[in-house]
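# Fold and geometry: a report
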Amino acid sequence: MAKGEGGEQYSNASLLNKPVSSDGIKLARKHEHRNTLSVCNKICYAIGGAPYQITGCALGFFLQIYLLDVAQLDPFYASIILFVGRAWDAVTDPTVGFLVSRSPWTRFGRMLPWIVLSTPLAVLSYFLIWYVPPFENGKVIWYLFFYCLFQSLQTCFHVPYSALTMFISSEQKERDSATAYRMTVEVLGTVLGTAIQGQIVGMANAPCFPAPSDMLTEVSNLSMSGLNVTEPVISLEHTRAAYMIASGVICLIYILCAIILFFGVREQKESCRPRNEPMSFFQGIRLVMGHGPYAKLVMVFLFTSLAFMLLEGNFALFCSYTLGFRNDFQNILLVIMLSATLAIPFWQFFLTRFGKKTAVFTGSLSVVPFMILVVCLKSNLIVTYIVSFAAGVGVASAFLLPWSMLPDVVDDFQVQNPDSSGHEALFYSFYVFFTKFASGVSLGISTLSLDFAGYISRGCSQPEEVDITLKVLVSAAPVALIIIGLVILYTYPIDEERRQGNRKLLQEQRDEADSETDSTELSNMV
């Protein structure tokens, strides 16, 4: 006899023996209402994911070029800041996940207090990242401190928010729907982050210094033309002010999204099963990494995330110097993000029609031809826009699919370990840990590679070695990493049949637990 059948018979017998059928109907309606999310709830939940994407997009696309050309740091020190900041961020994820899993329940929930309390300091530290201090000796310490501080505080926001998916409803259908809303808003967040940072900063690009050969060519051209050309001069101070204005706007959006999330979402207390006794940090590591499907999924997206992080972190420099589109790179980035936003509904349909695993293969491979084209074709602005738009379709899959597959792994763990519960934050935090670790490695290695290649800060042109390095960082290396990730994905065991089976088993467990809870409540009424 299936568990669900036994629970149903037990519930029916209880109702027949007790003359309180109206109360039973009320309880059933209460459970149904509790598990159903309104469109407003889903939108408010989704808006909570925007700050992470907006700030992440701004930092990912622009922090490297900001440190090199605006703050005027040596590439070696810039690489230290980027790598240490991301490595620190990666370490804080499982730490915060461990602390969240041990947090007591409050009247606001277990996840929401973390989100609200971390927001004010996170906003302040983010703003100070984009401020150039009036001293030279301590610049590296300044940026390293506030970058690490912001990453820690944002982790206190994002890890509980990611785990909140499991607590807004016990119905997988409702969670999947809320995740789709969230992915759409998060991609819109990347567009918003790219638009705000790119367009504001793009109006005040940092002036470049021509190389000696460029200066001779320019003087020769002016002498031959006999013209006295004067152009409006944008000082470095104007560029610094533009970065601060952009960060101020993003900070206001961050606060607004946190307020909407707090007042628009109600966290449901775990009622199906009692939580386990708190475990140690290293026990948590062994628990989550010991689950085979989770370990394979993490490895898949470790490599694919590293590929996309390399592309993201170096694309602004690639457009500015290798392609020569110094004044257009922010528009090219915006085209990619807009294309990714428009492609989200397509990938949502694709994964429901053909399965999530097939969607990951198709989406990741679809980016590869455009990564190759962008470095092989001769520099042309129109062609670059077309290639960027097409590449954005594949980039969309990188946003949607990882977070769509992670709840399936958590469900699979719960099916195989029915007596172990309350570890959702650990699964999410370790997943974020590996993606951020990939980001730190990519930014550190890429910036250090540019230093070895002879990168010239604020140079109007770069040595040929720098151009070759940028081509490798945005094309050859990402393509190789994507292929490695897809080879690992081939062994990922959770297909559609297993996913649907897990869903039915978990639903039977929840129905059985709810039936026992209803019987207890009805007995107490009588």
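Every value quoted in this text rests on a predicted model; they were computed, and no experiment measured them.

The number of helices and strands found in the protein chain is 18 helices and zero strands. Evaluated residue by residue, the protein chain yields a buried proportion of 55% over its 526 residues. Considering only intrachain contacts with a sequence separation of at least 6, the fraction spanning at least 24 residues in the protein chain is 87%. Element-wise, carbon and sulfur atoms account for 66% of the exposed surface of the protein chain, whose accessible area totals about 22800 Å².

In terms of nonpolar packing, the biggest core is built from 146 residues, with L63, Y66, L67, W130, Y143 and Y294 touching the most fellow members. Take this core: its biggest share by element is 17 residues, from helix 12 (residues 292-322). Look past the residues within four positions of L67 in its chain and what remains in contact with it is Q72, L73, A78, I81, L82 and Y143.

Looking now at the side chain of R110. Tracing the chain through its elements places R110 in the loop between helix 5 (75-101) and helix 6 (112-129). A distance of 3.1 Å separates a polar atom in the side chain of R110 from the backbone oxygen of V100.

All right, on to the confidence of the model for the protein chain then. Averaged over all residues, the pLDDT of the protein chain equals 78, while 80% of them reach at least 70. Ranking the elements of the protein chain by mean pLDDT puts helix 1 (residues 3-17) last, at 39, and helix 6 first, at 93. Contacts of residues 1-20 to residues separated by more than four positions or lying in other chains number 18 contacts, the stretch itself having pLDDT below 50.

Turning to the packing of aromatic side chains, a few remarks are in order. Per the counting criterion, the structure on display carries 21 aromatic pairs. Aromatic side chains Y66 and Y243 sit 4.8 Å apart centroid to centroid with 55 degrees between the ring planes, which places their arrangement in the tilted category. Taken together, the residues Y66 in helix 4 (residues 50-70) and Y243 in helix 10 (residues 236-264) connect sequence positions 177 residues apart. Exposure remark for Y66: the relative accessible area of 0% places this residue in the buried category. Y243 gets classed as buried once you look at its relative accessible area, which sits at 3%. Each ring, one from F346 and one from F350, has its centre 5.9 Å from the other, and the planes form 50 degrees; the classification is tilted. Residue F346 and its partner F350 are located together in helix 13 (residues 329-354), separated by four residues, close to a single helical turn. A connected cluster of aromatic rings, assembled from ring pairs, spans Y66, Y126, W130, Y143, F150 and Y243. The ring of F354 is capped by R353, whose NZ or CZ atom sits 5.1 Å from the centre of that ring.

Turning our eyes to something else, we now look at unusual backbone geometry. For Q72, which is not glycine, the phi dihedral falls at a positive 60 degrees. One can find Q72 in the loop between helix 4 and helix 5.

The subject of this paragraph is the environment of I141. Inspection of the secondary structure assignment puts I141 in helix 7 (residues 139-163). C-alpha separation for the pair I141 and I81, spaced 60 residues apart in sequence, amounts to 8.6 Å.

Time to look at the environment of A163. With respect to the element layout, A163 can be found in helix 7. For the pair A163 and P407, spaced 244 residues apart in sequence, the C-alpha separation works out to 9.5 Å.

Residues I255, I259 and F263 make up a contiguous nonpolar surface patch of about 300 Å² in total accessible area. Positionally, I255 belongs in helix 10.

What follows concerns helix 12. A rise of 1.5 Å per residue sets the reference length of helix 12, with its 31 residues, at 45 Å; its end C-alpha atoms lie 42 Å apart and thus fit the reference within 8%. The largest bend in helix 12 is about 50 degrees, located at N314. Of all 31 residues making up helix 12, 26 are buried, and the element is well covered by its neighbours. After helix 12 finishes, the residue G324 shows a positive phi value of roughly 80 degrees.

Here we take up the pattern of salt bridges. Inspection of the entire model under this criterion finds six salt bridges. Residue R182 is joined to E186 by a salt bridge in which the shortest nitrogen-to-oxygen separation is 2.9 Å. You can see R182 and its partner E186 sitting in helix 8 (residues 172-202), four residues apart, about one turn around the helix. Using a relative accessible area of 2% as the deciding quantity, one classes E186 as buried. A salt bridge links R498 to D412; its shortest N-O distance comes to 2.9 Å. Remark: D412 occurs in helix 15 (residues 381-416) and R498 occurs in helix 18 (residues 496-525); sequence separation between them is 86 residues.

So, about the packing of helix 6 against helix 10. Between two packed helices, both the angle of their axes relative to each other and the distance between the axes serve to describe the pair. Look at helix 6 against helix 10: their axes get within 10 Å of each other, and the N-to-C directions meet at 175 degrees. Taken together, the axes of helix 6 and helix 10 lie roughly antiparallel to each other. Taking contact as the criterion, the partners of L112, I115, V116, T119, A122, V123, Y126 and F127 in helix 6 are, on helix 10, M244, S247, G248, I250, C251, Y254, I255, A258, L261 and F262. A class-by-class count of the residues in the contact of helix 6 with helix 10 yields 15 nonpolar, three polar and no charged.

Cut-off values and rules
- Residues numbered from 1 in each chain as written.
- Predicted model: local features only at pLDDT ≥ 70, side-chain atom pairs only at ≥ 80, totals over all residues.
- Heavy atoms only, no water.
- Helix = DSSP H or I, 4+ residues; strand = E, 2+ residues; numbered from the N terminus.
- Buried < 20%, exposed > 50% of the residue type's maximum accessible area, 1.4 Å probe, protein only.
- Contact = heavy atoms within 4.5 Å.
- Areas by Shrake-Rupley, 256 points an atom, 1.4 Å probe, with all protein chains shown as cover.
- Core = buried A, V, L, I, M, F, W, Y, C linked by side-chain atoms within 4.5 Å.
- Polar contact = N/O pair within 3.5 Å; in protein donor to acceptor, adjacent residues only side chain to side chain.
- pLDDT = per-residue confidence, 0-100.
- Phe/Tyr/Trp six-rings, centres within 6.5 Å; stacked < 30°, edge-to-face > 60°.
- Lys NZ or Arg CZ within 6 Å of the ring centre and 35° of its normal.
- Patch = residues over 30% accessible without salt bridge, like charges linked within 9 Å, V, L, I, M, F, W, Y side chains within 5 Å.
- Salt bridge = Lys/Arg side-chain N within 4 Å of Asp/Glu carboxyl O.
- Expected span 1.5 Å × (residues − 1).
- Bend = angle between axes of the 7 residues up to and from the residue.
- Axes fitted to C-alpha atoms, helices over the stretch in contact; angles between N-to-C directions.
- Parallel < 35°, antiparallel > 145°, perpendicular 65-115°, else oblique.
- Nonpolar A, V, L, I, M, F, W, Y, C, P; charged D, E, K, R; others polar.

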